[in-house]
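# Structural characterization, general
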Amino acid sequence: MKLVLEQLSVARGARPIIAGLSFTVAAGEAVLLTGPNGAGKTTLIRSIAGLLAPSEGRIRLEGASEEFDLAQYCHYVGHINALKASLTVAENLQFWGDYYADGQSPPRLGRANLDRVLDRFNLDALADIATAYLSAGQKRRVGLARILMAKRPVWLLDEPTVSLDSDSAGIISGLINEHTADGGMAIVATHLPLALTSPRTLHLKPFHDMVTA
């Protein structure tokens, strides 16, 4: 598979954010999105995830079945952890497992996967605790853990290490490396270094800098 962006332009309201951007991500590659605030990192990730419609250009996943939309091949984790405070850690993750198993997406892992996911994110001891009582870092780990509740080739992670300590950031780096080693793709917006294996870097500039440079 290969993710292809061709002459992508995205605006928010009447304000251009991204203009004429083209790049590809091949199977087994990780791309780090860097740049100052307002450069369009979140906008780009949300566009690939299908949450923002490009004003021009095209995004496609070569080698994917036409039976599914691109978004159904992606895991998107944004700034919000997407957790229900009244549910336990295990219940939140089980919700995502059930959601991914609704028959509308590519093949994914089943319910037995939950224990493995809890273990990988060091959440075993928190499994039966309502997420309302977790720290910011613990909530972030639960929000990120859903990427293991289904196998999807494209990971779109927006500042995944926010609120995480160094050990938890290392877990995320390791999982991204495992994902790409298995042929997956990852696009990660970050201001902080990640211990990734040979990532490519795409540095974005704010639109007004591009038009005046």
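The coordinates are above.
Residues numbered from 1 in each chain as written. Predicted model: local features only at pLDDT ≥ 70, side-chain atom pairs only at ≥ 80, totals over all residues. Heavy atoms only, no water.

### Considering the layout of surface pockets
Put simply, the rule is: The definitions used throughout rest on a 1 Å grid laid over the protein atoms alone, on which a cavity is an enclosed set of points accommodating a 1.4 Å probe that cannot get out and a pocket is an open set flanked by protein within 12 Å on both sides along at least five of seven lines; lining residues are those having an atom within 4 Å of a point. Grid points are joined across faces, edges and corners, and a volume is the space filled by probe spheres set on the points. Numbering goes from the N terminus for both helices and strands, where a helix is a DSSP run of H or I of at least four residues and a strand is a run of E of at least two. When residue character is reported, Ala, Val, Leu, Ile, Met, Phe, Trp, Tyr, Cys and Pro are called nonpolar, Asp, Glu, Lys and Arg charged, and the others, Gly included, polar.
Considered as a void within the structure, the largest pocket measures approximately 490 Å³ in volume. As for the largest pocket, its lining consists of 22 residues, and the residues nearest its centre are Ala49, Leu51, Tyr76, Trp96 and Tyr99. Of all elements in the fold, only helix H1 (41-48), strand E5 (74-77) and helix H2 (89-100) reach the threshold of two or more residues within the lining of the largest pocket. Per-class residue counts for the lining of the largest pocket are ten nonpolar, seven polar and five charged. What lines the second largest pocket is a set of 18 residues, and nearest its centre among them are Leu148, Lys151, Trp155, His179 and Asp182. Contributions of two or more residues to the lining of the second largest pocket are made by helix H3 (113-120) and helix H5 (166-181). If one sorts the elements of the lining of the second largest pocket by residue count, H5 sits on top with three residues.

### Let's talk about the packing of aromatic side chains
Heads up, the rule is: Here a pair means two rings of Phe, Tyr or Trp (six-membered ring of Trp) with centres within 6.5 Å. Their orientation is stacked below 30 degrees between planes, edge-to-face above 60, and tilted elsewhere. Charges are assigned to positions over rings by a cutoff of 6 Å between ring centre and Lys NZ or Arg CZ, combined with an angular limit of 35 degrees from the ring normal.
With the rule as written, the count across this model stands at six aromatic pairs. Measuring from ring centre to ring centre gives 6.2 Å for Phe95 and Tyr99, while their planes differ by 25 degrees; the resulting arrangement is stacked. On the criterion of helical spacing, the pair formed by Phe95 and Tyr99 is a turn pair, its members being four residues apart in helix H2. Aromatic rings pair up to connect Phe95, Trp96, Tyr99 and Tyr100 into one cluster. Directly above the ring of Trp96 sits Arg146, whose terminal nitrogen or CZ lies 4.7 Å from the centroid.

### Comments concerning the pattern of salt bridges
Note the following rule: Take a side-chain nitrogen of Lys or Arg and a carboxyl oxygen of Asp or Glu: if they are within 4 Å of each other, that pair is a salt bridge.
Going through the model one piece at a time under the given rule, you end up with five salt bridges. The residue Arg200 makes a salt bridge to Glu29 at a minimum N-O spacing of 3.0 Å. In this pair, Arg200 sits in strand E8 (residues 200-203) while Glu29 sits in the loop between strand E2 (15-26) and strand E3 (30-34), placing the two residues 171 residues apart along the sequence. A salt bridge links Arg60 to Glu62, with the shortest nitrogen-to-oxygen separation between them at 2.7 Å.

### Structural notes on the sheet that holds strand E4 (residues 56-62)
What counts here: Here, any two strands with at least 2 DSSP bridges between them count as paired. Think of each axis as a best-fit line through the C-alpha atoms, taken over the contacting stretch in the case of a helix, with angles from 0 to 180 degrees between the N-to-C directions. The contact definition used throughout considers only heavy atoms, calling two residues in contact when any of these lie within 4.5 Å.
Strand order across the open sheet formed by three strands is E2-E1-E4, with antiparallel pairing between neighbours. The sheet terminates laterally at E2 and E4, the two strands that pair on one side only. Averaged over all adjacent pairs, the angle separating strand axes in this sheet is 15 degrees, with direction ignored. Bridge count for strand E1 (residues 2-12) against E4 is six bridges, and the pairing is antiparallel. Following the sheet pairing, Lys2 is matched in E4 by Glu62. Seen against the sheet, H1 touches E1, E2 and E4 and runs at an angle of roughly 120 degrees to E1.

### Points about the nonpolar core
The condition that has to hold: Residues enter a nonpolar core if they are buried and are Ala, Val, Leu, Ile, Met, Phe, Trp, Tyr or Cys, with the set joined through side-chain atoms within 4.5 Å. Here's how the labels work: a residue is buried when its accessible area is under 20% of the maximum for its type, exposed when over 50%, partly exposed in between, all with a 1.4 Å probe on protein chains only.
Ranked by internal contacts, the top residues of the largest apolar core, which has 34 residues, are Val89, Leu93, Phe121, Leu123, Trp155 and Ile176. Counting only elements with at least two residues in this core, the list comes to E3, H2, H3, helix H4 (136-145), strand E6 (154-158), H5 and strand E7 (185-189). No other element matches the five residues that H2 contributes to this core. Non-local contacts of Trp155, meaning those with residues more than four positions away in its chain, are made with His75, Ile147, Leu148, Leu175, Ile176, His179, Met185, Ala186 and Ile187. Membership of the second largest hydrophobic core comes to 29 residues, among which are Leu3, Leu21, Leu156 and Leu204.

### Side note on the pairing of E1
Sheet topology places E1 next to E2; eight bridges connect them, and they run antiparallel. Across the sheet, Val4 pairs through a bridge with Thr24, a residue of E2. Hairpin remark: E1 followed by E2, antiparallel, with two residues in the connecting loop; positive phi at Gly13, about 70 degrees.

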